[in-house]
Every structure is written in C-alpha cells, then in structure tokens.
Amino acid sequence: MINMKFISRFLLFAVLAITFLACGNSESSLTETGVSFELAKYRAASIQNLRYDLHIIIPEDQNDAIYGEEIIRAEINDLSKPLILDFKVENDFLTKVVANGEEVSYVFEDEHIIIGKSSLLEGENTIELSFRLGETSLNRNPEFLYTLFVPDRARTAFPCFDQPNLKGKYALELTIPETWQALANGAKIEETVDGGKKILKFAETKPLSTYLFDFVAGDFEVVEREVGGRMMTMLHRESDSVKVARNLDEIFNLHLTALDWLEDYTGIEYPFQKFGFAIIPSFQYGGMEHPGAITYKASSLFLDESATQNKLMGRASLIAHETAHMWFGDLVTMNWFDDVWMKEVFANFMAAKIVNPSFPDINHDLRFLLAHYPGAYAVDRSKGMHPIQQPLDNLKDAGTLYGSIIYQKAPIVMRKLERRIGKEVMQKGLQDYLSEFAYENATWDDLISILDSVSEEKVTKWSNQWVKTAGMPDLFPFIRTDDDDSTITQFSLYQRNFNDGEKVWSQKLTVGIEAQDTMYHFDVDMTGNGVRIDEAEGLIDATFVVCNEEGYGYGYFRMGPLTEKRWLERMQEFENPVLRGVGWLNLWESFLHQRLSTDDLLTAILNNLPAEPDPLIQQYLLGRLSTVYWKFLPSDVRLDSATSIEAVLWNRIAELEDNKLKSAYLSTYRSIVLTDEGVENLYKLWNKELSIEGITLSESDYTQLAYQLALRGHKDSEQILNEQIERIDNPDRKARLEFIRPSLSTDQSTRDAFFESLKDEANREHESWVQQAIGFLHHPLRAAQSEKYITPTLEILEEIQQTGDIFFPKRVLDNTFSGHQSKDAVDAVRQFLFRNNHYPTNLKNKILQSSDLTFRAAEILNPKEEPEDAQ
Ligand SMILES: [Zn+2]
C-alpha cells in the first residue's frame, strides 16, 4: 500500500474531489458540513455491523483537555467512494488515523474525516483514531460532566457516523479521577484504581444510534436499589438530604411502574442490558432517553414539599415518557430525524396510559386537553405553523424540528388515530412494528402500512391530512330555523382552512346542542367540507351549541353570540369539567381571533376562579389571567386593575384548603403584583415576616420572590439579592443566581452589558440560566427599554441554533417576546423578516410562533380606526 503521508492535504483533497465528481454531481452534498441526507443514505446502504471501542480520559480540572482513542469496526460493501466520518472539532484535534493497520493520510475538512478508497477493504474494516474530544456537548462543570448528543452532537465529541440509522455497539472505557462516579449505556463490568485515577469498563451495548450514546461522570452520589426484582442505579448531586429522602422512593417506583407497564403493553422485555439514570442540575430538558442511562433535570424529579398536583403528575409523566422511549425510539428508531416526532408522540402517548392509573383522582381527559391543546393551537393559529412531519435535508438542522407540534399536537393526533382504529388494533399494530424493526430503524409510513394491514379502517389518507398537512380546520355550525325563529330546520357543520380552502381534516366529533334546558348529543364523522346533522332538525329554542363536546375535536370552533354568552356567564352550570375545559379553550381562541373582548374574558376568568371546582382548570385560568394581564392590557389599565386582581388572588390564597393549589395562586400572585401593598407582601414573605398557613416556602420560592422584588425596583433589591445568594448552599444554584443577577438590575447600562455578553457563545453555556435571564430582561415592566434587544437577538438566532441545544432557539424567542405588546416590537420582527427574505424556514416559523401573541396584542391594543358612519 502506498503511504500517502507525503502528499499534501490539498493534493489529496483534489484527488478525492475529482473521484467524487467522476461519480456524478450529487456527491458534493456528501461532504458538505453537517450530515446531509445524501451522505446518510449512502452510508446506511454501504456500512454494516458497526462497532465502536471508545476510551476516553477525563481529567479532574474542567480546563484540561479530554483525549480519546477509538477503534471503529465496520463492514463496508461498497468501495466506490471514500469513507466519510463525521467529526466537528478544531482541525488539530485529530492526531492519528490508522485504517486496517496502516497509518494513512486523510482529508479532514468541513467536519468530515475522509479516508481514501485505497485504504479500505471490502468487508470488515478497522479504523483506529486518536483525538482530543470537542467539548460542545460534553457539558463540563467544575465537578462533573455529561454528554447530550441529540440530535447530531456525537460528532462534536468523537469521530463517528452520526446518523440515527447507522446503529453501532459501543464498548466504552472511561478513565476518571479516583473520587468520581460514572454512568453509561452499558453495564459496568470492571473498575480499577491506579495512581489517583479510576478506570471503568462498560459492557458492549446493544445497537444504538449515535444520539443515544451517553456517559455521565463526576462527583455524584450513587444510589443502587432493587425494586420489583429490577436493579436500578441512580446518580445525583442534590445536597439537601431531606429533599432526596422525600423523593427517592417515588422516583424508583415510578420507573418500576413504567417498565412493568411497557413490557406488558409491547409484549417485549426491557430491551437493554441494565437500567440507570442520572439526575443533573440544570439539565437542558426534562429528561433524555439514553438507554440504560437516562438523564433528568434535577428540579423535575426532586420536588419541593409544596409541589402542585400538576408538578407531581408532570414528574410521573416525564419518567414514564423517558422509560417508554426505551422501546419507542431506542429499540426502534426513526430512520431520519424528519420522523423525530414519532418517538416523541409514542413516548407521550404511552406516558399518558402509564401515569393515569396512578392518579385516580385526576380527570385525565381534562388533563390531556389542557396539557396539549393550548400548545398545539399556539403554533397552528400562528403564521409559523407547520406539519407534524417536516422535511430535513441535513441533520445539522434537526434541532429546528422540535416544538409544540411534535410534543403537543402529535399526541392529539395519535389519540385520534387510536380512536379511529380501536385500542386493540393499535396495540397489535405497535407490537408488530416493534418486533419487526427491533434494534433497527423505521419510518412513519412503515407504521402506517402495518396499521393498514391490521386495521379495517384504512389510515393512509387520514395520515396525510393530520401528519403531513400544516394548520388546523376552522369549524363553524350553520343553523337554519323556521319563520318564527325557534325550530331548527337545518343543522350543518362546515370546515375550511384559513389559507387553503381545499384542505379538509377528517375527524370524529360529538356535537352538543342545548334546547329547552336539555343537552342533545350527536356523533359526527367529519370527512369532507361539511356534514349535515339530520337528527338535530326539529329541536326547538336551541340556545347553545358546542361542536367539540367531548374534547377530542381539534380546530378553531366558532361560536354564535348565544353560545358565547352561555359560556361566559354560566360556565359553572356545566357539571362535566372536560366540557368546561373545552369552553375555556374555545373562549380563548375566540378572544385571540378578536371575537371576544379583553374585558369580557378577564371578567369571566376572575368570576370563575373562586367558583371553579377543578384544580386543573383553576391553574389553566391562572395562566390565562397572567397572559391577559401582562400581554393584552394597556399598562395604565393594568395598573388600575392591579388592586382588584391582587385582591382576588390574595383572598383565594387565604381561603383555599388545598395547599398545592394555594401555591399555584401564590406563584401567580407573586408574578402579577404591582401595588405598593402587594410589593410589601412579597417583601415580607421573602423576609420571613409573613407566612402563609399551609405553605412552606422553598429555597426556589424565596429566590423567585427576590427576582420579583428586583424587577419591581424594590429599594433594597441589591441587598435582597445579596442575601438570597448567601441563603443558598448548593453551588450550582448559587452560580445560577449570580449569573442571572445583572438581568434584574435597575441600571439600564448593566442590563445592556449583560445582553451584549450573551452574544458570545461562551456566555450561553448554561442555557436554562440564559433563558430565564432573557425573560427578565424583557419583563413587561421593562419592555420599553428592552425592545432594542429584539433585532440583535433575531440576528444571532441562526448562530444560537447552530451552537445551542435543540429547544434553545425557541426558548430564547419565547422569553424575548414574553413581555412585548407594542407596535414597535412587531415592526422589529416584520422588518427583520423582510430584510432576511431567505431565512431558513424552520427558524422563521419559530420567530412567527413566538411572536404570535405579541402580534395579536399589538393589533388588539391598536385597533384599526373604523370608518365613521355616513350621516
Ligand atoms: Zn422524548
């Protein structure tokens, strides 16, 4: 074999480039930065039996480099092209490449290591690499680190084939400081200590996609437990031992419940060799489904004593969600990230089924309604709407696919699917799907064709409407009555689309009509533009119509004035809480479409808060109250209303017996307070002069109080923040407050400097801190001074997307627009989009989604002048 070491990189690249061109011009996309769909397709077809041996040496000092050695074994069946590995790091990080025992020359450009065909063999190949690890996704902290490689970040740490459909088996060896602990996908099989270092070997894993490979190492507490015959390992860093003790049993038991349930439902035993999880402070998401080594955000699992019912349920759902991924996503994985929604929807769908029986007192249909519809509508009513399944040309843009359509709308659609084909058929279809594609990959269309084969109802067309079409239907009843306006002679329900009248969505609905004090129910299968309900004809004196009575319907359901009045004035007469939930959702949509006034809505919310018996609806109303208050009231009106709104909330806090609901009210009160008396209450609560019966304020409550006092420019803000920092023992939480602090400053130049600092990627490392700080910069009380940050934020959004984690761009946008309601804020967005005509669609959509309420608020607050009536 010729040693090509002496050929310059440039020459070799030229040779490779010519080889590529000779094979056709589509191949330039093979080596473009990121991982193009073309590259992934070619590699998936030509590479098999992939195995990674990785040895990673982690030093104690966060600032010292991390080095790695790697052996990649793969069968290559097509030698027409060079081998292209992904590695997105500085060029000098790669120090050695040996292919099949020979040191070879290679090209390392545009995030790829390209090894010439002459160094490769047909069949089994062994590639050995030495390198320094890139640190973008290692999340290094002073005492610990953890990897987070979803969706395409494995390539930022080590050389690999970074695509979901090239699964590999990983044998990992970690060298870490002697006092550290570690968790990885494989079971720990060997531990040796030598000269202050600990060497851990982990068993080779089952086949995993790169985005699921992970390890966590650092100064962690390890808790090993056998629960229900299963061994589980947990790592955490929580220093508050009371908090740990309070939560520990529940955390293990929730995992056990989820595992047992999933084995039963899928008919497949837990598919990986061991089960463990690490609880990380300030983890970017609620959790991430790394097989055998799930990672969670500490605050999602370690709950405060005063945790609301929503929080408890949220935790159970999160644990069930990540555990469900072990089958849905980890065992069978999407072929490409355009189907990423699939694993999320299944995890959510299963989580709902798993968690519900543990909360028998909760109305789960209502919870589903309130947990999914508002988020899904928020996108589908905006100009940034998009279908559930979105195209993706390059994996580097995969992060932009995530959002409410995946997390909130897709579960709604999945529930509709199950309702259409039946629970048993659904389960059977999913079992077939999991066993047919175990340890491999599959597309949504693969599942749909399995369902088509097991179900009487054909679902391909349905799937095209709900999964591949953007937006939601606009539904409206058409009622014709006889001459004296009392008897219904025709009742029809129509649908149309805001932008494209041709689009229709098939859905089964229950239409409720109240006539002469009796509710009549009609099941309707909406398959075309309109459907006539003959059975409704002859009803007399109908005063109320609801077209999504059972809460399964999806769309903007228009109401007539009588129906609207009925919801607004006599909501509590409906005994079924799901129906009241539907009512509030319909009123909210009506409000945002400017068919209902701010005043009417606000009055209805305030009147119903004390009367509403269901805690979930109360919490929903508290959220809406905050939004209307900050977003849709002009600042002078807001100030005028503050006294009465604060009073409603404060009285409720005093009179409520449910302590969890009490804390929900308190947190709303804390966030809306504007009067001197209210601010004084916050101060006394923070200062511990005042306490509320039944509520034990936690450290995070006190921190929140300190934030709110600072935002209101309390005269002792600086002192309050100083003391709050003193009160916190945990170093991670202390650092968080110190980081956030300048965003709260009353001094504009301090806030300006802080905003400037966020332009540097290095200062955005702790994303959850940054998000919160941006929210404070743009707090409604400071909106006028922070408008000027909108344009520069949009200008760095692409960079934020390229350097940050998947949810980060949207969260930055949400927090940026959180406090704005002015025309100027809207103009800043319009002008930016006008100037950047060819902005990437997914990011543009996110801007339009996040700014949607700001646009609507600006319109509602600045109504177009009506032409004067002609005399
Ligand atoms: Zn998930």
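Reading guide: rules and limits
Residues numbered from 1 in each chain as written. Predicted model: local features only at pLDDT ≥ 70, side-chain atom pairs only at ≥ 80, totals over all residues. Heavy atoms only, no water. Helix = DSSP H or I, 4+ residues; strand = E, 2+ residues; numbered from the N terminus. Rg over C-alpha atoms; globule rule 2.2 N^0.38 Å. Buried < 20%, exposed > 50% of the residue type's maximum accessible area, 1.4 Å probe, protein only. Patch = residues over 30% accessible without salt bridge, like charges linked within 9 Å, V, L, I, M, F, W, Y side chains within 5 Å. Areas by Shrake-Rupley, 256 points an atom, 1.4 Å probe, with all protein chains shown as cover. Salt bridge = Lys/Arg side-chain N within 4 Å of Asp/Glu carboxyl O. Lys, Arg positive; Asp, Glu negative; His and termini not counted. Charge placed at Lys NZ, Arg CZ, Asp CG, Glu CD. Donors = N, O, S within 2.8 Å, 3.2 Å for Na, K, Ca; no water. pLDDT = per-residue confidence, 0-100. Contact = heavy atoms within 4.5 Å. Phe/Tyr/Trp six-rings, centres within 6.5 Å; stacked < 30°, edge-to-face > 60°. Lys NZ or Arg CZ within 6 Å of the ring centre and 35° of its normal. Pairing = 2+ DSSP bridges. Axes fitted to C-alpha atoms, helices over the stretch in contact; angles between N-to-C directions. Polar contact = N/O pair within 3.5 Å; in protein donor to acceptor, adjacent residues only side chain to side chain.

**Describing the overall build of the chain**
Part 1 of the reasoning: Looking only at helices and strands, the chain has 30 helices and 28 strands in total.
Part 2 of the reasoning: Its C-alpha atoms give the chain a radius of gyration of 29 Å, near enough to 29 Å, the size a compact globule of 871 residues would have.
Part 3 of the reasoning: Once the C-alpha set of the chain is aligned to its principal axes, its extents read approximately 95 × 65 × 65 Å.
Part 4 of the reasoning: By the burial criterion, 59% of the 871 residues in the chain qualify as buried.

**Let's talk about a negative patch on the surface**
Part 1 of the reasoning: There is a patch of like negative charges on the surface, built from Glu60, Asp61, Asp64, Asp219 and Glu221.
Part 2 of the reasoning: For Glu221, the location among the structural elements is in strand 15 (residues 221-227).

**Digging into the coordination of the zinc ion**
Part 1 of the reasoning: Coordination of the zinc ion by the protein is provided by His321 (NE2), His325 (NE2) and Glu344 (OE), with metal-donor distances spanning 2.0 to 2.1 Å.
Part 2 of the reasoning: On the basis of relative accessible area, His321 is assigned to the buried category, the value being 7%.
Part 3 of the reasoning: Note on His325: relative accessible area 0%, which makes it buried.

**Re the confidence of the model for the chain**
Part 1 of the reasoning: For the chain, per-residue confidence averages 93 on the pLDDT scale, and residues scoring 70 or more make up 95% of the total.
Part 2 of the reasoning: Considering only residues more than four positions removed or in separate chains, one finds that residues 1-26, a stretch of pLDDT under 50, has 31 contacts.

**What about the packing of aromatic side chains?**
Part 1 of the reasoning: This structure, assessed with the given rule, holds 52 aromatic pairs.
Part 2 of the reasoning: Relative to Tyr839, the ring of Phe832 lies with its centre 5.2 Å away and its plane at 85°, an arrangement referred to as edge-to-face.
Part 3 of the reasoning: Among the residues examined, Phe832 registers a relative accessible area of 2% and is labelled buried.
Part 4 of the reasoning: Connected via pairs of aromatic rings, a cluster forms that spans Phe144, Tyr146, Phe220, Phe283, Tyr285, Tyr402, Tyr407 and Phe807.
Part 5 of the reasoning: Directly above the aromatic system of Tyr552 lies the positively charged group of Arg415, at a separation of 4.0 Å from the ring centroid.
Part 6 of the reasoning: Seen from the ring of Tyr552, Arg419 lies directly overhead, with NZ or CZ sitting 3.9 Å from the centre.

**What to know about the sheet that holds strand 15**
Part 1 of the reasoning: The sheet built from five strands is open, its strands ordered 15-16-17-19-18 with mixed pairing. Whereas interior strands pair on both sides, the edge strands pair on one side only; in this sheet they are strand 15 and strand 18 (287-288).
Part 2 of the reasoning: Of the pairings in the sheet, the one linking strand 15 to strand 16 (residues 230-236) comprises seven bridges and is antiparallel in character. Note on strand 16: the bridge partner recorded for Val223 is Met234.
Part 3 of the reasoning: Helix 3 (residues 241-266) contacts strand 15, strand 16, strand 17 (275-280) and strand 19 (294-297) of the sheet and is inclined by roughly 135° relative to strand 16.

**Examining the side chain of Gln708**
Part 1 of the reasoning: Assignment of secondary structure puts Gln708 in helix 19 (residues 699-711).
Part 2 of the reasoning: Relative accessible area serves as the criterion here: at 7%, Gln708 is assigned to the buried category.
Part 3 of the reasoning: Sequence-distant contacts of Gln708, that is, excluding residues within four places in its chain, are made with Arg670, Ser671, Leu682 and His779.

**Structural notes on the pattern of salt bridges**
Part 1 of the reasoning: Across all of its chains, the model carries 51 salt bridges by this definition.
Part 2 of the reasoning: The partner of Asp152 in a salt bridge is Arg155, and the shortest N-O contact between them spans 2.8 Å.
Part 3 of the reasoning: Given a relative accessible area of 3%, Asp152 falls into the buried group.
Part 4 of the reasoning: Put simply, Glu111, Asp152, Arg153, Arg155 and Asp805 are held in one network by salt bridges that share partners.

**Regarding the sheet that holds strand 14 (residues 215-218)**
Part 1 of the reasoning: Ordered in space as 9-14-11, the three strands form an open sheet in which the pairing is antiparallel. The open sheet has two free edges, formed respectively by strand 9 (144-146) and strand 11 (181-184), since each of these has just one partner strand. In this sheet, neighbouring strand axes are inclined to one another by 5° on average, regardless of whether the strands run parallel or antiparallel.
Part 2 of the reasoning: Where strand 9 and strand 14 come together, three bridges link them in antiparallel fashion. Counterpart to Phe144 in the pairing with strand 14 is Gly218.

**Section: the pairing of strand 4 (residues 94-99)**
Part 1 of the reasoning: For strand 4 and strand 8 (residues 123-132), the ladder comprises five bridges, and the chain directions are antiparallel. Bridged to Val97 within strand 8 is Leu129.
Part 2 of the reasoning: Pairing geometry for strand 4 and strand 5 (residues 102-103), over two bridges, is antiparallel. When the bridges of strand 5 are listed, Ala99 appears paired with Glu102.
Part 3 of the reasoning: Remark: two residues form the turn of the hairpin made by strand 4 and strand 5, two consecutive strands paired antiparallel; Asn100 in that turn has positive phi of roughly 50°.

**Things to note about the side chain of Gln390**
Part 1 of the reasoning: Tracing the backbone shows Gln390 in the loop between helix 7 (364-380) and helix 8 (404-421).
Part 2 of the reasoning: A relative accessible area of 6% means that Gln390 is categorised as buried.
Part 3 of the reasoning: At a separation of 3.3 Å, a polar atom in the side chain of Gln390 contacts the side chain of His386.
Part 4 of the reasoning: Of note is the side chain of Gln390, whose polar atom sits 3.1 Å from the backbone oxygen of Leu401.
Part 5 of the reasoning: Setting aside residues no more than four positions away along its own chain, Gln390 makes contact with Asp338, Leu401 and Asn842.

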